Amino acid sequence: MAEQDLFPSDESNQAVARLYGQPLDALPEDLFIPPEALEIFLEAFEGPLDLLLYLIRRQNFNILDIPMAALTAQYLQYIERIRSQKLELAAEYLLMAAMLVEIKSRMLLPRPKLETDGEPEDPRAELVRKLLQYEQMKRAAMQLDEMPRIGRDFFTSSATMIFSDEKILPTVTAESLQMTLLNMIERAKLTARHTITKQELSVREHMTLILRQLQHGHFTEFSSLFDVSEGVAVVIVHFLALLELAKESLIQITQDGRDTPIFVWLSA
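Keep in mind the model is a prediction, meaning the values are calculated, not measured.

Would you take a moment to explain the overall build of the protein for this structure?
The helix and strand tally for the protein stands at eight helices and five strands. Ordered by position in the sequence, the α and β elements of the protein form the string α-β-β-α-α-α-α-α-α-β-α-β-β. Counting across all 268 residues of the protein, residues that qualify as buried make up 25%. Of all intrachain contacts in the protein linking residues separated by at least 6 positions in sequence, the fraction that spans at least 24 positions is 61%. Within the structure as shown, the protein displays about 20400 Å² of accessible surface, and the carbon and sulfur contribution to it stands at 54%.

Next up, the structure:
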């Protein structure tokens, strides 16, 4: 980009900068820009190969046919600039400088003739191989860095769900049991015989009877455990036996919802 593109003239009516909010049509004549402000420090490069690759690409050199004189001069100039700033140079930078001077010297010397018809080895071949390999790895690293990275570009979400194998069944209310009992008593009254007899009823015997009825292990409907034809007294004793078994946790009583059938089964 030309200098006039960076700093428009007065005729463009555009401010080149602003000072305390006020536009400046031209740069001050006494403006001082320190030389070190435009310098590139050694820390900007990751090593001597990175510096060489930068110099080659900046001058549009053919990496397969490097002009060693120009490249070596630029490299040494950069090294001297860093040393003039009293910055410490890594040993690998100095080693690369020596290698460039050696390659330049070898290219100035006449190449010895080989006994075979083949061409003598180019002194730059090893340097070119290292530069191409470094450029390939650098490009791959940049592509990897541009890929979305967890913790930097996106974050994962997680949720914990607790599953339980325990089957939770709805509980039966006392009101539901009461309504069921009254319903069976009414049915028992319809089949009752008007005879007066002495009848001995045992809650324990009915508890045993109920356990036998539930031995198959399946859900049994509550009302199917009662024989209303035996009368109200038997129904009440049978009901008390059921309550006693539930109290001792020998059976389980459940109901899906209000006004739905009640089921009974043996506890595990």
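Can you help me understand the side chain of Asp50 in this one?
By the secondary structure assignment, Asp50 is in helix α2 (residues 48-58). A polar atom in the side chain of Asp50 sits 3.1 Å from the backbone nitrogen of Glu46.

Would you take a moment to explain the pairing of strand β4 (residues 251-255) for this structure?
Each regular strand carries side chains that alternate between the two faces of the sheet. With four of five residues buried, β4 is to be regarded as a mostly interior element. By the bridge criterion, five bridges tie β4 to strand β5 (residues 262-266) in an arrangement that is antiparallel. Residue pairing across strands places Ile253 opposite Val264, the latter belonging to β5. In this antiparallel pair of consecutive strands, β4 and β5, the connection spans six residues, and Asp259 shows a positive phi of 65 degrees.

Would you explain the side chain of His206 in this entry?
With respect to the helices and strands, the residue His206 is situated in helix α7 (residues 203-213). Owing to a relative accessible area of 10%, His206 belongs among the buried residues under this scheme. Once you skip the residues sitting within four places of it in the chain, His206 turns out to touch Leu201, Val234, Val237, His238 and Ala241.

How should I be thinking about the packing of aromatic side chains in this particular structure?
The description of an aromatic ring pair rests on the distance of the ring centres and on the angle between the ring planes. Counted by the stated rule, this structure contains two aromatic pairs. Note on Phe222 and Phe226: the rings are 5.2 Å apart at their centroids and 45 degrees apart in plane angle, and the pair reads as tilted. Grouping residues by exposure puts Phe222 and Phe226 together as buried. Here a set of aromatic residues connected by ring pairs shows up, and it is made of Phe222, Phe226 and Phe239.

Calculation rules
- In every chain, residue numbers begin from 1 and rise along the written sequence.
- For this predicted model, a pLDDT threshold of at least 70 governs which residues receive local features, and a threshold of 80 or more governs which side-chain atom pairs are given and counted, while totals over whole chains, interfaces and linings are taken from all residues.
- Only hydrogens and water are set aside; all other atoms, that is, all heavy atoms of the structure, feed into the side-chain values.
- Strands here are runs of E lasting at least two residues and helices are runs of H or I lasting at least four, both read from the DSSP assignment and numbered beginning at the N terminus.
- Using a 1.4 Å probe on the protein chains alone, a residue whose accessible area is under 20% of its type maximum counts as buried, one over 50% counts as exposed, and one in between counts as partly exposed.
- Only heavy atoms enter the contact rule, under which two residues are in contact if any of them lie within 4.5 Å.
- In these tables, accessible area is a Shrake-Rupley quantity obtained with a 1.4 Å probe, and a residue counts as shielded only by the protein chains included in the view.
- Any N or O atom pair separated by 3.5 Å or less is treated as a polar contact, with the protein-specific requirement of one donor-capable and one acceptor-capable atom, and with residues adjacent in sequence counted only for side-chain atom pairs.
- Two strands form a pair only when DSSP identifies at least two bridges running between them.
- Working definition: a ring pair exists when centres of Phe, Tyr or Trp rings (six-membered ring for Trp) sit within 6.5 Å. Plane angles under 30 degrees give stacked, over 60 give edge-to-face, the rest tilted.

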